[in-house]
Amino acid sequence: MVHSRYPRCVDVAIVGSGPAGAAYARILSEQAPHATIAVFEAGPVVSDPPGAHVRNIADPVQRARAQRRSEGPWPHTAASPADPLDDYAADRERLVRPGTFLLPDGWRQPGEDGLPAAAMSSNAGGMAAHWTGACPRPGGSERIPLVPGLDRLLTEAERLLGVSAKVLADAPLAGEVRARLGAALDAGRPEDRRVQPMPLAVRRTADGRLVWSGSDVVFGEVTRTNPNFGLFDESVVTQVLLRDGAVRGVTVRDLTTGAEHEVAASSVVVAADSLRTPQLLHASGVRLPALGRYLNDQPQVVLAVRLRDVPAAPEADPADGGITAQSGVSWVPFTDDHPFHGQVMQLDASPVPIEGDPPAPGSIVGLGWFCAKDLQAGDRVAFSDTETDHHGLPALRIHYTLTARDHDNLRAAREAIVEAAHALGDVLDPEPLTFPPGASLHYQGTVRMGPADDGTSVCDPASRVWGVRGLHVAGNGVIPTATACNPTLTAVALAVAGARALAADLA
Ligand code: FAD
């Protein structure tokens, strides 16, 4: 018999160790400590504790290594570490961020827009080992009316992710950025949707360092010290085993040996991101009509500005991740009247050459305005019957088209971002740059929740997959609404609701 490092049987198998999978492990550790839990993660552990943000790795060489090891079979060639914002204004169709790898093929079908910048991460902690940590709450039509107690769930998600709006709120130039934006944009907005500091998943240590949250914070000590919990990296789940309409376990390939093992489980949570979660369900024989459909990414425009008439701020401490130290991150919330999510953050350097004196530290800021996609069932990730990916799972085929309404929204977003930019200072780019579809890295809808099994959803409001007992899905794919704001906080809130329901079932 082939030796296995996995348990033969657990109560709950979780696929994927990003913040959504980690939220299930955390809530179950708190509310069902007797339950045995195994998290299977395709990628390697690249940071300590497992899932920690790579930006917290002080040594630049080690940080670069952690980024490269997160990039699956296609690590970037650059040896030096890069900040996620280095490519902020790159005018490239296939924009790719450190720690992520692009979908190698199938990202566009003939005659469609496709998702040229569709990307994934494969490492303990998933994309949240590389993210910016912006955690705004959804507003207006972004909200999910079918989820009871959404605000309390969002509060719980903030606890799990360690979110604070205060940590960078008093950065030297942040108040001025907010004051200028607010004067231009706050009129007519409800108080809680006015310009404000971005809630961020970051904390400051007693010695003043910034520490960015990754899945390590979501897991928390309660999970790490749970004797019934195990995290298995370099372990790809190739199938969820089903019998008589219920899960009975998973097949896991140990990438360190190549051997496949079955692990019995009465509950399985698939939290493998919005592209790979429906892929695994499809590979396992789940055939719900909405599976992979309603795929949506947030069309995004960006523009750089040099803040006018600001005092020189102190040099940034590179250990803080530099980018946010002087002007912080400001948030222009989505409302139904202003249907864009605006994010304004410091850039390390100007995206265009600047004449005259070098800019004061923190005085170059990038504006990013995100739109909500016009949802269509035809926008979808489909699965090839004949071709496979590097793990032998059905190859992903993206069908994706921007509608006339999407183009109208993008036009309006370009106008809105120029107005905001002029309020701040001197606009550096000749005109706003529209990022390629997929560049937001916020893919949603592919395993969306709904009130009933009517063919337009994959799971119920507690993330239980229709018609398969014991099977949950988690992550941004569960979000059924068209959001423009960064979705991770919402996805973690929905995972909390799902995990609580599962804990009650296990009890
Ligand atoms: P992921 O974090 O993607 O984790 C999924 C995991 O599943 C991966 O580790 C993967 O290897 C694993 N997996 C997949 N298939 C299998 C399988 N078959 N078997 C085993 N394991 C599998 N979001 C925000 O809300 N705010 C931000 O400011 C923000 N900034 C970002 C900046 C950057 C540069 C990046 C890269 C992302 C950013 N995001 C941001 C997106 C955010 O990181 C994701 O929304 C979040 O990580 C999604 O969590 P998840 O758990 O659903 O999936």
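Please refer to the structure higher up on the page.
In this text, all values refer to a predicted model and were calculated from it rather than measured experimentally. (Residues numbered from 1 in each chain as written. Predicted model: local features only at pLDDT ≥ 70, side-chain atom pairs only at ≥ 80, totals over all residues. Heavy atoms only, no water.)

Student: Requested: an account of the sheet that holds strand β8 (residues 210–212), with residues and values cited.
Tutor: Read from one edge of the open sheet, three strands run β5-β7-β8, paired in antiparallel fashion. In the strand order of this sheet, the two ends are held by β5 (163–164) and β8, each with one partner. Note that β5 and strand β7 (residues 200–204) share two bridges and pair antiparallel. Bridge assignment links Val163 to a residue of β7, and that residue is Ala201. (Pairing = 2+ DSSP bridges. Helix = DSSP H or I, 4+ residues; strand = E, 2+ residues; numbered from the N terminus.)

Student: Kindly report on the pattern of salt bridges, identifying the contributing residues and their values.
Tutor: Considering all chains together, one arrives at 25 salt bridges under this definition. Between Glu221 and Arg224 there is a salt bridge, and its shortest N-O distance comes to 3.1 Å. Taken together, the positions of Glu221 and Arg224, both in helix α5 (residues 215–224) and three residues apart, correspond to about one turn of that helix. One salt bridge connects Arg411 with Asp408, and the closest N-O pair in it is separated by 2.4 Å. A residue pair is termed a helical-turn pair when its members lie 3 or 4 positions apart in one helix, as Arg411 and Asp408 do in helix α7 (residues 404–424) at three residues. Residue Arg411 is classed as partly exposed on the basis of its relative accessible area, which comes to 43%. A cluster of three or more residues bridged by salt bridges with shared partners is formed by Arg26, Glu30, Glu156 and Arg159. (Salt bridge = Lys/Arg side-chain N within 4 Å of Asp/Glu carboxyl O. Buried < 20%, exposed > 50% of the residue type's maximum accessible area, 1.4 Å probe, protein only.)

Student: Give me the lowdown on the packing of helix α1 (residues 19–31) against helix α8 (residues 488–506), citing residues and values where you can.
Tutor: Packing of α1 against α8 leaves a shortest axis separation of 8 Å and a crossing angle of 35 degrees. Helix-helix and strand crossings are classified by hand; for α1 and α8 the assignment is right-handed. Contact with α1, carried on its side by Pro19, Ala20, Ala23, Tyr24, Ile27, Leu28 and Gln31, involves Thr488, Val492, Ala495, Val496, Gly498, Ala499, Arg500, Leu502, Ala503 and Leu506 of α8 and no other residues of that element. Of the residues contributing to the contact of α1 with α8, the split by class is 13 nonpolar, three polar and one charged. (Axes fitted to C-alpha atoms, helices over the stretch in contact; angles between N-to-C directions. Left-handed = near helix turned anticlockwise from the far one by under 90°. Contact = heavy atoms within 4.5 Å. Nonpolar A, V, L, I, M, F, W, Y, C, P; charged D, E, K, R; others polar.)

By themselves, these observations are geometric and do not establish any function.
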